[in-house]
Amino acid sequence: MNCYRPRSHCGFRILCLMWATILCLAAMPAYAQPDDEASGEQTSEEGVEAATEEKKAEPEEARPAVQPELEAEAESPPQIQLPDTETADIRQQIQSLRASLDQRLIAVESTRNRLSYAESLLNRLQDEYNSFELRLEKAGLNLTGNYANLLQQRLERLQQQGIAEDLIRDIENQLSTTREEQLRLEEFEAIIDPGDDARDQLRSQRASLIRQLHKAVTEHIQALNEYFNTVSALQERVEAYQTLLQQRLFWLPSAPVVSAGTLTELVEAVAWFANQFRLDPLNDAIGYSIQERSGAIAFLTILLALLLIKRRALKRNLKTNSRHVGNVGHDRIEHTLYAFTNSALLALPGVLVLAIAALLLMEGNDFFSALSGGMVAAALVTLLLAFIHNVAREGGLGDTHFHWHIDSLRALRRELPFLLAVIIPIMVIMPTTATPDGSEFVDSLGRLLFTAVSIALSTFAHRILSAVRADRPESKHLLALHALAVATPLVLVVASLLGYHYTALELERNLFISICWIAFNAMLFYIGLRALSVRERRLTLARLREHREAQRKLAETREAAESSGEGVPQTLDMPEMDLKDINQQSTALLRILVSVIVITGLWLLWASLIPALQLFDNITLWTIATDLDGGNPLPITLGDLLLALFVGVGTVLAVRNLPGTLEVMVLSRMKLEPGTGYAITTLTTYTLVLVGVVVFLGVIGVQWSKLQWLVAALGVGLGFGLQEIVANFVSGIILLFERPIRVGDTVTIGGITGTVSRIRIRATTLVDWDRKEQIIPNKTFVTQDLTNWTLSDSITRVVLQVGVAYGSDMDQVQKLLTEVAHNNERVVDDPSPAVFCVGLGDSRVDFELRVFVKDPLDIMPLSHEINTAITRTLHEAGIEIPFPQRDIHVRDNGALPHSS
C-alpha cells in the first residue's frame, strides 16, 4: 500500500474552491438587481402608483415604532404556606389559607397584566413587521443612503431592546413551582379531617377556601403557560425582524462615496483618536480593571511567564515528536497530537499578551472598553495565525507529519509575520469607530482601516499562491484561483469606497471566518489522514506476518494431505478486506465527513446574509396531512427534498466506504477473528442503510403510521415466500457471531467431511477429501448435528488394533507397542500414548494402541507408519501375529457303496 503523503497545494485548492463558491453565491442577488431595475423601467407607472400608496400609508408616521422590551420580574410569586393539620387550629388554618389566596390572586392579576402587555407588543410588532416587509418589497433595492442609515438605527435599537435573557427561564421556574404547589394543595385537601361536630361551619369555610385557592393556582398555571408562549413568539418575531433588516442592509449603501471631504474627516478622526489617549482615564481604566479582574489577570500573567520559560523545551519536544514519524514499529498518532499541542502552546504567548491588555482596559470608558474588545478579537486572530506559523515551522506538523510542500511552508513562515503586523493593530483600533464619539468617523477612519486590511490580505494571498504555483506554473485552475484570491479583497475595497462599506465589511468578515473554518477542518482532515496512515501501515505489517504464518500452515497442511492421500482446498477465502480498498474507503469516508462539516458550517454562516440560500425553503412542493386534530398540513419544501437527497447520497457513500474505516480504526484494534469482523461490518452496513432510509422518508414527509401496514404485509410475505432464504440469512449471521465453524476448520455434517473454505451470508462451502466443493445452506449447520474436528483443539485420537499369539509375553508386547508410539513424530506427547490388552479372542490376544495426532490429516499417514513399525518390531522380537485358525474335523459315516 502506498503511503498517502498530502501536499499543501491540495489544501489551498480546496480552500480557494470554497472561496469561489461563496463569492458566486454572494453574487446571486447582485445579478438579480439589473433585472429589477429593467422591470422597473418597463412598469414605471406601476412604480409611481406604488410610491404614491406608500406615501399615503406612511405607517411609521402614523404611529411610533414598537419597542419590544420586556424585563424579568423582580420577585417571584409567594409560595402557598399550608398550615400543619396536626398542630394548627382550624381558625389559624383558615387565616393562613385566606392570606395565601389573596397573594395568589394578586400574582394571577400581575401575570395577566404582563400577558396582556406582551400580547399587545406581539400584535403591534407583527403588524409593523408585515407593513415594513411589504414596503421593502415595493421599494426593492431603490433605496437611498439616508434610508439605509435609518434601517441601521432601527436594527441597533432592536439589538439593544428586546426580551430579557432570563425572562423565559423565570417563567419556566414559576410554572414548575406553581405545579408543585398545586400538587401539595391537593394532598393537603385529601388529608384534612372533614369532621362532624359544631365546628362544621368553620370546616366548610376552610374547604371553600381550599377550592378557591386551587382554582386560583390553576388559573395562574394557565396564565403562565399563555405568557410563556407569547414571550417565546415575541422573541422569535424580534429575531425575524433583525434578520430582515440585516438582509436588506446588506445590499444597500451605508456611506457616501469617498470624496475630498472624506480626507478632512480622516484628519479629524486621527486627531480624535490621538486625543483619546489621556493619562488619567487610562490610569482609571487599569485601576478599576485590576480591582474587578485581578485573579484572571494574575492567572494569565503566570501562564505567560511559564510559557516563556518553557518555550525552548516546547521546541525540543516538537522536534522529538517528529523523530519516530514513518517508523512503522514506533510511529503513533500520539506523536502528531503532541506536536499539535506543542504548536498551540508556542502560539499562546502573543495571545496572552493581548488578553491581559484587554482585561486591563475592560473597565475603562467607552474608548478603552472598545480597545479591549478589539484586543479580544485580535487575540483570536493571533491564535489562528500564530498557530499556522508554528505548524509551518521546520520540523513541525506541516513538514514532518503532513509532508506539505516545502515552498508553501517557507512562504507561510515568511509572510505570516507581515500579515500579523498589519492586521492586529487594525483589529484593535477598528472597534473604536463604533463608540458614540467615534461613530461619526466610521466612513473615514473605518474605511481607511478596512482598505489597509484588504490590501494586506490581497498581498498575502498573492505571495502564498505564487509559492503554491511554483511547481505547477502551467495549471490553469491554480492561475484562476490565484487571480480570484487576489482580486476579491480589492473588489471589496472598491465597494467600500463607493459607499457599500457595511456590505464589504460583512462580506470580508464572513470570508475570513469561512477561511478560518475551512483551515480548521483541513487541519482535522490531515490529522485524520495521519491517523489512518499510521493504522494502515501497522495493519499492513500485521497482515504480512499473518500471511506468512498462514502460508506456512498451508504448506504443512498440503504436505500432510499429500502424504495422506486426501484433498484439501488450495486457498481459503478468509473474509478480510484488501489493504488497497481499506486505504481508499477510509480516506474517502474521512473526506466526506470533513466536507459535510465544512458545508454545514458555511451554510449556517452565510444563510442569514444571502437570501438566495433561503429560496429553497420558500418553495413548497407538496403538503402532508398531520395526525393532529385541526393541525395545519406540513409543507414539504424544495429544501426538504434537497436535504433528503443529501441524506440518501450520504448514506450510499457511507455504506460504500464504511467497511474500510471500521477495519482500520476499530476492528483491527479488537483482536477479532476474521469472521467476527466481517459480521460486525455487515450488520453495521445493514443498520446504516435502515437508518438512512428512515431519515430519508421522514424528511420528505412519509409517516410511519402510513407505512406500518405495508411493512407488516412485506414481513408476512417474506416469512412465507422467502422463508428458507431468510432462515439461511439469519443462520449465516449466527455462524459468523457464534462461530461454531471457521474458515479452515475440518468438519463433518450429514456424512460429509471436509475443510471449510468459505462462509457467506446464505451458504457455506466445504471442500471434501476428494477436492469436491460442497455448497451447504447455513441453516444446516445451525439445526443439524455438527462435528468440528478443529474448533478449539485440532488434536485427535487414533485407536489401532493389534493381535498377538497366545503364549506371548504380555508385558513385552505392551512395552514394544509403547516404544513404537513414542518413536513416531506424528504422535504428540500430551496426551501421551497408551497400550491396553482389551480382550482374548479365538486365536489371539487383542491389544489397543491409543495415540493422539496434531491434525486430522495425520490419521492415515500415522496408521500406515504405526502398523508398519509394529509388524517389524514384533517380528524382530519373535512375537507372532497370528492369522485366524480353524480346525476341520472329517467324520466317516461308513463305507461308500461299490458300484456294480
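Residues numbered from 1 in each chain as written. Predicted model: local features only at pLDDT ≥ 70, side-chain atom pairs only at ≥ 80, totals over all residues. Heavy atoms only, no water.

**Observations regarding the nonpolar core**
To keep things clear, this is the line we draw: Residue types Ala, Val, Leu, Ile, Met, Phe, Trp, Tyr and Cys, when buried and joined through side-chain atoms within 4.5 Å, form a set referred to as a nonpolar core. Partly exposed residues are those whose accessible area sits between 20% and 50% of the maximum for their type, while under 20% is buried and over 50% is exposed, using a 1.4 Å probe and protein chains only. Strands here are runs of E lasting at least two residues and helices are runs of H or I lasting at least four, both read from the DSSP assignment and numbered beginning at the N terminus. Two residues qualify as a contact provided that any one of their heavy atoms is within 4.5 Å of a heavy atom in the partner residue.
Grouped together as the largest cluster of nonpolar side chains are 74 residues, with contacts concentrated most on Phe-402, Trp-404, Leu-419 and Met-523. Ranked by residues supplied to this core, first place goes to helix H12 (residues 366-391) with eleven residues. Those residues within four positions of Leu-419 in sequence are excluded, and the remaining contacts are Leu-385, Ala-456, Leu-457 and Phe-460.

**Here we look at the sheet that holds strand S4 (residues 752-759)**
Put simply, the test is: Each pair of strands is called paired provided DSSP finds at least two bridges between the two strands.
Read across the sheet, five strands follow the order S6-S5-S4-S3-S7 without closing on themselves; strand pairing throughout is antiparallel. With partners counted over all chains shown, the strands left at the sheet margins are strand S6 (773-777) and strand S7 (787-788), one partner each. Two strands pair when backbone bridges link them, and strand S3 (residues 746-749) and S4 are joined in this way by four bridges, in the antiparallel orientation. Bridged to Val-747 within S4 is Gly-754.

**Details of the pattern of salt bridges**
How we decide: In what follows, salt bridge is the name for a side-chain nitrogen of Lys or Arg lying within 4 Å of a carboxyl oxygen of Asp or Glu.
In the structure shown here, the tally under the stated rule is eleven salt bridges. The shortest N-O distance in the salt bridge between Glu-219 and Arg-112 comes to 3.5 Å. Separated by 107 residues along the polypeptide, Glu-219 in helix H7 (residues 200-250) and Arg-112 in helix H4 (residues 90-139) bring together distant segments of the chain. Of the charged contacts in the structure, one is a salt bridge between Glu-848 and Arg-850, with a shortest N-O distance of 2.9 Å. Judged by relative accessible area, which is 27%, Arg-850 ranks as partly exposed. Among the ionic contacts, a cluster of salt bridges with common partners joins Arg-414, Glu-415 and Arg-463.

**A word on the environment of Asp-745**
Looking at the secondary structure, you find Asp-745 in the loop between helix H22 (723-738) and S3. Under the relative-accessibility criterion, Asp-745 is labelled buried at 4%. The spacing of Asp-745 and Leu-791 is 46 residues in sequence and 6.6 Å in space, taken between C-alpha atoms.

**Here's the deal with the packing of H12 against helix H14 (residues 406-429)**
Spelled out, the test is: Angles shown run from 0 to 180 degrees and are taken between the N-to-C directions of axes, each axis being a line fitted to C-alpha atoms and, for helices, limited to the stretch in contact. Just so you know how the angles are binned, under 35 degrees is roughly parallel, over 145 roughly antiparallel, 65 to 115 roughly perpendicular, and the rest oblique. Amino acids are sorted into nonpolar (Ala, Val, Leu, Ile, Met, Phe, Trp, Tyr, Cys and Pro), charged (Asp, Glu, Lys and Arg) and polar (every other residue, Gly among them).
Direction vectors running N to C along H12 and H14 enclose 170°, while the axes themselves pass 8 Å from each other. Of the possible angle classes, the one that applies to H12 and H14 is roughly antiparallel. Every residue of H14 that contacts H12 at Ala-370, Leu-371, Gly-374, Met-375, Ala-377, Ala-378, Val-381, Thr-382, Leu-385, Ile-388 and His-389 is listed here: Leu-412, Arg-413, Leu-416, Pro-417, Leu-419, Leu-420, Ile-423, Ile-424, Met-427 and Val-428. Here the residues of the contact of H12 with H14 sort into 17 nonpolar, three polar and one charged.

**Looking at the sheet that holds strand S9 (residues 834-840)**
Read across the sheet, three strands follow the order S8-S10-S9 without closing on themselves; strand pairing throughout is antiparallel. Across the chains shown, the open sheet's two edge strands, defined by having one partner strand only, are strand S8 (796-804) and S9. Here the strands of the sheet are splayed against their neighbours by 25° on average, with no regard to which way each runs. With nine bridges connecting them, S8 and strand S10 (residues 845-853) associate as antiparallel partners. Bridging across to S10, Leu-800 finds its partner in Leu-849.

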